[in-house]
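Coordinate inspection notes
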Amino acid sequence: MSGAMDYALWIPVLPIVAFPIILFLGNVFKGTDLWRGKWKEGGIIATVVIGTCLGLSIWLIVGYIGQVTGNESVGQIGDWLSFHMVENGNLVSYSIGFGMYLDHVSVMLLFVASFLCFLIAIFSLGYMNSDPVNLDRNHRFYAEFLLFCAGMLGMVLADNFLWLFIFWEIMGLCSYLLIGFYYERPSAAYAAKKAFLTTRVGDVFLLIGLLILWNLFGSLDFSVVWAEDNIAAVDAGTLKIALFMMFVGAVGKSAQFPLHVWLPDAMEGPTPVSALIHAATMVNAGLYLVARMFPFFASPAMEGEFTDLAILIAWIGGITAFMAALIAFVQRDIKKVLAYSTMSQLAYIFTGLGAALWFANTGHEEIALLAFGASMFHLFNHAMAKGMLFMASGSVIHEMHHAHHEVSHHGSSESAERDAGVGAAGVDHAAHGGHEDHDHFDAQDMSNMGGLASKMPITATAMAVGSASIIGIPLIGGFWSKEGIVGAAWQASLTPGGAWMLVPAVLVLITAGMTGFYMSRMWFMTFAGKPKTPVANGVVEQTPFIPIPLVTLTVMTLGGVVFAGFEFIHWVADGDAEMHFTNVLSGIGVELKHAFLPSGEENGALIYLVTMLTIVISTIVGPAIAMALYGGRLAKGEKAKPWLAWLVSLSSRVRRKNHFDNSTWAESGLADSLHQRLYFDAWYDAAMLKIVVPFANACAWFDQHIIDGAIKGLEYGSQEGSSVIRRLTTGSGRDYIMMVALGTLAIFVLIWGVA
Amino acid sequence: MSSAGVLEVAEVTRVQLFSEGGDTWLALAPEVTLLSGLVLLFIVPNLGDAKWRIPLTQVRFPVLFGGRRFTATSDPRLPAMLAIATLLLALWQALISQGADAKTWLLTSGSGAEANILLRVDAFSRIFEIMFYAALLLAAVASIDRLPARRAGSDIQQLIDNRRQVDFYLLLLMTAFGMSIVTMSMDLFVLFIGLEIASLSIYVLVAFHKETPEGAEGGVKYFIVGAVSSAVALYGISLLYLWNGNLQLLSNSATGQIGLVERWSEMESLVGLPLIAFCFVLVGFAFKVSAAPFHFAAPDAYSGASSTVAGILATASKAMGFIGLIRILVMLAAPADGSAVWMFGLGVIAVVTMTWGNLAALSSSNPKRMLAYSSIAHAGYMLAALAALGAWAWGGENDVLNSAPTDAGQWILTALIFHLVVLVAFKLGAFLVLALLETEGEVSDTAPLAGLARRDPIVAVSMFIFMLALAGVPPLAGFMSKFLLISGVVKMSAGDAFAAIAAGDGWSLGQMHWTFWLALAVFLNSALSLFYYLRIGVIMFFEVPSEGRRKPLNKAWFLRLSIWACAIGTVIFGVWSDHLINLCHNAALAVL
């Protein structure tokens, strides 16, 4: 353990060190064959560095799980800042160190982050480097990617809130840079700005919250602020304000209502970025922050003080989950569907955490831990599944793009010849030319796809398994955790005093069914039926590197059952619990019993009913409607893999049985408003125009006239003085000697005057 | 200082100059090296196959002087190599003498009742020797490319350059020798001799490019104004001799002679004669550090001289002036109760100097003049620190933060020495970049700098580092030195109030000594100076190179080597400055 801990610092430091190196090398060797070919424009360096981080993380994690005790905090590796402050007339010295803090939650997130970073780095080798648009600027991508990884890993390992915040901001910066990777597109530049500014709103609140926390505790170290005695000593009302502020920060980072507007636009970034930052890791930072508030809620001294805050968290979660799922119904862009799905699933976790915090604050420790564990497990499952889904969607988009190029080049043999003649140097140009030629074709639009199940077997499988996990098909990944969340929300609403929890509880229940619909819709639109465009007909799964992460994550997601068997939920919530590696089967049995049998607790029967209802609507009703609307047989002669073929044929059978006309729905005002994302963006724009812009104008006036005026005055004065001095400097030696004489006189006067 | 300039004999080794035993040679090793180098520079290019025939016989002895020159010794590149080797050896000797067993020597003339204390070799003189040799070494290395010598020169400029190689490097070594004497001198007359050896060499160096009118004009003006100042200073020194009967600073316990320091401190009230003399001497050194209003000739000299020489003017020559100021202000005329008579006058001069320098730099379009004015402004900052030193109640303890150097006076002097030393890195470095540009033509406006980043990013980044260091931006050396200076002045002006503040008793401006405002003036002037330093950055990075200056810069590897050394030094002395600060602290302790 201690061995690994000694090297743990390198986990965030390595990528930080490597990122400028890639930038530098990239700028020096840009365009050379070696750099483009062997080095993958820095991709190899990034992959090796992240691979090393993953290795170190696993070493750390294995060592950590091997030891039984609860938390490991490598105190302070070193003092980072130390300063003195005068307080009540005394000089008090403070210091802020940098250390590592490990408990079950951070261990889990460390694994998620390093594992996904590594897989997505491999994915990028295929995705980014084979696209001529990215040629000669991939080093920028990999450098920013590494910096992001450093931010995420550092945030997970930080042992105090200040470092957590610093790394949090590093991630925000990288998110901004990577969304705007194609900064020449106005939409990407806009999306980057929007994401940055929206999350900034949350970050300001977070900073205020942390400052209040500092004021209360005189420290931001986890070990200090979580200490029972320290919590008991502070004012509950002030602490609640701090926690609320921190929660707003989490809302911004995790794209929850009402700060959710940036996430769908963030899909302008390259797909690996969407997979890593906007699905699998960074957006979990908000959840992690809320999870880190657990000790405050669980403190006996604060019992009953924060119930309203917990309910607020659950409400925000429920509303976002429902709203995002609703908008996802009408999205045709495959990445946008996934973006809203991400929002919705994160909202699930918020609801679960809200319930967990509520239970913790009302003294129901056992069930609080259960809800907390379920939320964390959902985070784990969702990260794995959503990372995979995004990569699979990237695979689809990439191959669609490729096929589109093929098709359009066959269309004009002239340009093909030109390309062949110009050779490698002309590829870039040709690619850009190609883009201009047929910009109207949208490779991300699902209505251009269809029937890909046979053409992209690996991607289709990955997508199916990922969707199943998100939907919560029994026994697969997300099922184990979603049950827990829905159950916990209902349990809370049925507990005395928890009536307010009923709304989120109902919302998450309904959303479960909606999830079943929109995820299935996405799969069937993309993979089932006949190809809707000639481009989709020409798709071939061929890009190297992309299948590696897809297969790995498919196995991971299917293996969710094994993790469930480890009693992961119990383990992650309880710092003193052990991982049950040995009795996987009995562990699965316990979890199955939890999921499918009524528990003996209070309201057990009702909870049982709710969970059963969840299973039914999410597994059967939702997908069935999707099948009826979007299912269909593949084109003649196309054969999907057997494990997909039954799904496709089932969908076509369902569709034939139910002729289900949804045109009235599709043309209704609701659908229209969903297309407009429920007008949030419009409202925000209007509010900006009414409030922020006038204020900004006032600030600009102040800046221009008062501040600049003062500076200009100073500048003017300096210029005047300067010209006076220039006139005194005549350039004549005689005058210089006169000046020496005057100076001597001046010295005499000054010194005699004093003496 | 409480012992009024009588050093405890136990600390120092007293040596009679050129007496038996090797002590003289050990103490003066770098100077001996320089002299040997000088002699070699005289001899080697003149070696030839001349023979002398014994009269009335046919026997001929080779005498080696004159005749047909040997090809190896008449190589025009040889003087540069000799000078560099000499300076390197001297630098090395000065450096190793800084080790743990660093000795202090007191060198006297003659023996018995006539012996005068002439030189003192201690940490103070050593650090300045190192600084001078380093600066001159960098300049000498850079001059290989700035003043190129080639075996087969064809054009007239080449022939001219080849013929004056010996002169140039000879003058460089002379400068180094004179400066060494100034650092060590314990006798005002010796100090003056050293000052003049160095100054006269520099006057010639300034006017070295006599084929350009600016060079000749600048050199002559600098010489004339310098001669006037020296004359005034010499007059002051002669008055001091009239007053005391000798010009030694320290009292000589062996002979019973009373030095100037002791005599000054024994004055009951200020006497006219020494005070007049003091003012005159002050004028001489004020010219050397180019304090206003004695600075007028400096910008002309800087812009007329080649940039390497201007770099020496701005660093080594300036440091020489400050050594003189430290000797007469801190050693000689500083009373123990913190009410030095020169404090106010020097403060006024300091503020005028820094403001004048910055304002004039704002509107100069010639980068060499701009750097000259910037160097005047820096002199102002250092004069402000010296003025604050006048408020020091000697030996008073203001130790609050418990860090070395503990005492405000030591702090300021340490900062001053540190500033003078690290100035070599970035001020000389900036001039060397201009020298690199000069290799392709005159630098009289900002056009050669335009778009430098595109032509040569490394040189442009180095120049930008120098500019930032001059402006005092962390983490560069210029920040460290300015920070030490300002905090030293503030510490000094806080005086006893420090303890009260630390105890939490509150603080008001009224408790501060008026020297606090000097710190504020330095601060405001630094802010003002940012404008013209950063403008260089704008010109280099954002403007388009002018016509005819599109190609990559000259290779000039030796010049680049010096620039890199300066850039690295600027960064290193900013980040890892502890060791150098310790050396400077030792040097400061040797004076106080």
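Residues numbered from 1 in each chain as written. Chains lettered and ligands numbered in written order. Predicted model: local features only at pLDDT ≥ 70, side-chain atom pairs only at ≥ 80, totals over all residues. Heavy atoms only, no water.

Some words on the overall build of chain B
Counting its secondary structure elements, chain B contains 22 helices and five strands. A buried classification covers 61% of the 592 residues belonging to chain B. In chain B, of all internal contacts separated by at least 6 residues, the share reaching a separation of at least 24 is 77%. Per element, the accessible surface of chain B, about 21,700 Å² overall, is 67% carbon and sulfur. (Helix = DSSP H or I, 4+ residues; strand = E, 2+ residues; numbered from the N terminus. Buried < 20%, exposed > 50% of the residue type's maximum accessible area, 1.4 Å probe, protein only. Contact = heavy atoms within 4.5 Å. Areas by Shrake-Rupley, 256 points an atom, 1.4 Å probe, with all protein chains shown as cover.)

Here we look at the overall build of chain A
Counting its secondary structure elements, chain A contains 34 helices and two strands. Taking the intrachain contacts of chain A between residues at least 6 apart in sequence as the baseline, contacts between residues at least 24 apart amount to 81%. Accessible surface for chain A amounts to roughly 30,100 Å². Of this, 65% is attributable to carbon and sulfur atoms.

Overview of the pattern of salt bridges
Using the criterion set out here, one finds 25 salt bridges over all chains in the structure. Across the salt bridge formed by A:Asp681 and A:Lys194, the nearest N and O atoms sit 2.3 Å from each other. Remark: A:Lys194 occurs in helix α8 (residues 186–217) and A:Asp681 occurs in helix α33 (residues 680–728); sequence separation between them is 487 residues. Here B:Asp49 makes a salt bridge to B:Arg68, at a shortest N to O gap of 3.7 Å. (Salt bridge = Lys/Arg side-chain N within 4 Å of Asp/Glu carboxyl O.)

As for unusual backbone geometry
For the bond from A:Phe257 to A:Pro258, the omega torsion is 5°, close enough to zero to count as cis. Counting through the fold element by element, A:Pro258 comes out in the loop between α11 (236–253) and α12 (262–265). Omega for the peptide link from B:Pro474 to B:Pro475 comes to 5°, which places this bond in the cis form. With respect to the helices and strands, B:Pro475 occurs in the loop between α17 (457–471) and α18 (477–494). Positive phi, close to 55°, is recorded for A:Glu41, a residue that is not glycine. Relative to the helices and strands, A:Glu41 resides in the loop between α3 (33–36) and α4 (43–66).

Quick notes on the packing of aromatic side chains
Describing an aromatic ring pair means giving the distance of the ring centres and the angle of the ring planes. Residue and element names in this part refer to chain A. For the coordinates displayed, the defined rule picks out 53 aromatic pairs over all chains. Geometrically, the ring pair formed by Tyr 101 and Phe 222 is edge-to-face, given 5.5 Å between the ring centres and 90° between the ring planes. In this pair, Tyr 101 is assigned in strand β2 (residues 90–102) and Phe 222 in helix α9 (residues 222–225), connecting sequence segments 121 residues apart. Given the relative accessible area of 6%, Tyr 101 is considered buried. (Phe/Tyr/Trp six-rings, centres within 6.5 Å; stacked < 30°, edge-to-face > 60°.)

Brief notes about α33(A)
Taking the largest bend as the criterion, α33(A) deviates by roughly 40°, centred on A:Asp708. Within the sequence span of α33(A), burial applies to A:Phe680, A:Asp681, A:Ser718, A:Gly721, A:Ser722 and A:Ile725. Buried positions along α33(A) lie against α8, α12 and α16 (307–328) of chain A together with α13 (343–362) and α20 (516–542) of chain B. (Bend = angle between axes of the 7 residues up to and from the residue.)

Focus on the interface of chain A and chain B
Facing the 25 residues of chain A at the interface are 38 residues of chain B. Across the chain A/chain B interface, buried area totals approximately 2,800 Å², and carbon plus sulfur atoms make up 80% of it. Viewed at the interface, chain B and chain A are joined by zero salt bridges. Remark: the boundary between chain A and chain B carries five residue pairs in polar contact (both at pLDDT 80 or more). Here the side of chain A that touches chain B takes 13 residues from helix α34 (residues 733–754) of chain A, the largest share from any one element. A per-class count over the side of chain A that touches chain B returns 14 nonpolar, 10 polar and one charged. (Buried area = accessible area lost by both parts, 1.4 Å probe. Polar contact = N/O pair within 3.5 Å; in protein donor to acceptor, adjacent residues only side chain to side chain. Nonpolar A, V, L, I, M, F, W, Y, C, P; charged D, E, K, R; others polar.)

Quick word on the packing of helix α10 (residues 272–288) of chain B against helix α12 (residues 307–332) of chain B
All names here are of chain B. It is the contact of α10 with α12, at a shortest axis distance of 8 Å, that shows an interaxial angle of 160°. Here α10 is positioned roughly antiparallel relative to α12, judged by the angle of their axes. The way α10 lies across α12 gives a crossing that is left-handed. Packed against α10, whose contacting residues are Phe 278, Val 281, Leu 282, Phe 285 and Lys 288, the element α12 presents Ser 317, Lys 318, Met 320, Gly 321, Gly 324, Leu 325, Ile 328 and Leu 329 at the interface. Split by residue class, the contact of α10 with α12 holds eight nonpolar, three polar and two charged. (Axes fitted to C-alpha atoms, helices over the stretch in contact; angles between N-to-C directions. Parallel < 35°, antiparallel > 145°, perpendicular 65-115°, else oblique. Left-handed = near helix turned anticlockwise from the far one by under 90°.)

Digging into the nonpolar core
Membership of the largest hydrophobic core comes to 229 residues, with the highest contact counts inside it found for A:Phe161 and A:Phe296. Per-element accounting of this core gives the leading share, 21 residues, to helix α18 (residues 365–411) of chain A. For A:Phe296, the contacting residues outside a window of four places in its chain are A:Leu213, A:Phe217, A:Val225, A:Trp226, A:Ile231, A:Leu239, A:Leu243, A:Met302 and A:Phe306. A:Phe748, B:Leu191, B:Leu346 and B:Tyr373 belong to the second largest nonpolar core, which has 222 residues in total. (Core = buried A, V, L, I, M, F, W, Y, C linked by side-chain atoms within 4.5 Å.)

Regarding the environment of B:Thr515
By the element assignment, B:Thr515 lies in the loop between α19 (497–502) and α20. Each C-alpha atom, one on B:Thr515 and one on B:Val490, is 7.8 Å from the other, the two residues being 25 residues apart in sequence.

A look at the packing of helix α29 (residues 604–630) of chain A against helix α30 (residues 642–657) of chain A
Residue and element names in this part refer to chain A. Viewed as axis vectors pointing N to C, α29 and α30 meet at an angle of 75°, and their least axial separation amounts to 7 Å. Between α29 and α30, the crossing angle belongs to the class labelled roughly perpendicular. Contact with α29, carried on its side by Ala 624, Met 627, Ala 628, Leu 629 and Tyr 630, involves Leu 647, Leu 650, Ser 651, Val 654 and Arg 655 of α30 and no other residues of that element. Split into classes, the residues belonging to the contact of α29 with α30 amount to eight nonpolar, one polar and one charged.

Regarding the sheet that holds strand β4 (residues 105–109) of chain B
All names here are of chain B. Here we have three strands laid out as an open sheet, ordered β1-β4-β5, and mixed in their pairing. A single partner strand is all that each edge strand has here, and the edge strands are β1 (13–16) and β5 (116–121). Geometrically, the sheet is characterised by an average inter-axis angle of 30° between neighbouring strands, direction not taken into account. Where β1 and β4 come together, four bridges link them in parallel fashion. Along β4, the bridge assignment pairs Thr 13 with Trp 105. (Pairing = 2+ DSSP bridges.)

Digging into the environment of A:Thr461
Residue and element names in this part refer to chain A. Following the sequence through the fold, Thr 461 ends up in helix α21 (residues 457–471). Sequence-wise, Thr 461 and Ala 640 are 179 residues apart; in three dimensions their C-alpha atoms are separated by 10.0 Å. Thr 461 has contacts with Trp 643 and Leu 644, leaving out every residue within four places of it along the chain. A distance of 3.0 Å separates polar atoms of two side chains, one belonging to Thr 461 and the other to Trp 643.

Focus: the confidence of the model for chain A
Here chain A averages 83 in pLDDT, and 90% of its residues register 70 or above. Note on residues 412–438 of chain A: pLDDT is under 50 here. Beyond four places in sequence and across chains, it has 14 contacts. (pLDDT = per-residue confidence, 0-100.)

Considerations on the side chain of B:Arg455
Residues and elements named next belong to chain B. With respect to the helices, strands and loops of the structure, Arg 455 is situated in helix α16 (residues 452–455). Residue classification places Arg 455 among the buried positions, given a relative accessible area of 9%. Within the structure, the side chain of Arg 455 is placed 3.0 Å from the backbone oxygen of Lys 551, a separation counted as a polar contact. Aside from chain neighbours lying at most four places away, what touches Arg 455 is Glu 440, Pro 448, Pro 545, Arg 549, Arg 550, Lys 551, Pro 552 and Leu 553.

Here's the deal with the pairing of β5(B)
All names here are of chain B. The element β5 is largely enclosed, with a buried count of five among its six residues. As paired strands, β4 and β5 are joined by five bridges and run antiparallel to one another. Counted as the bridge partner of Ser 109 is Asn 116 from β5.

Focus on α8(A)
Residue and element names in this part refer to chain A. In this model α8 runs 46 Å from its N-terminal to its C-terminal C-alpha over 32 residues, within 8% of the 46 Å that 1.5 Å per residue would give. Of all the bends in α8, the greatest, near 25°, is centred on Val 201. At the exit of α8 stands Gly 218, carrying a positive phi of roughly 70°. (Expected span 1.5 Å × (residues − 1).)

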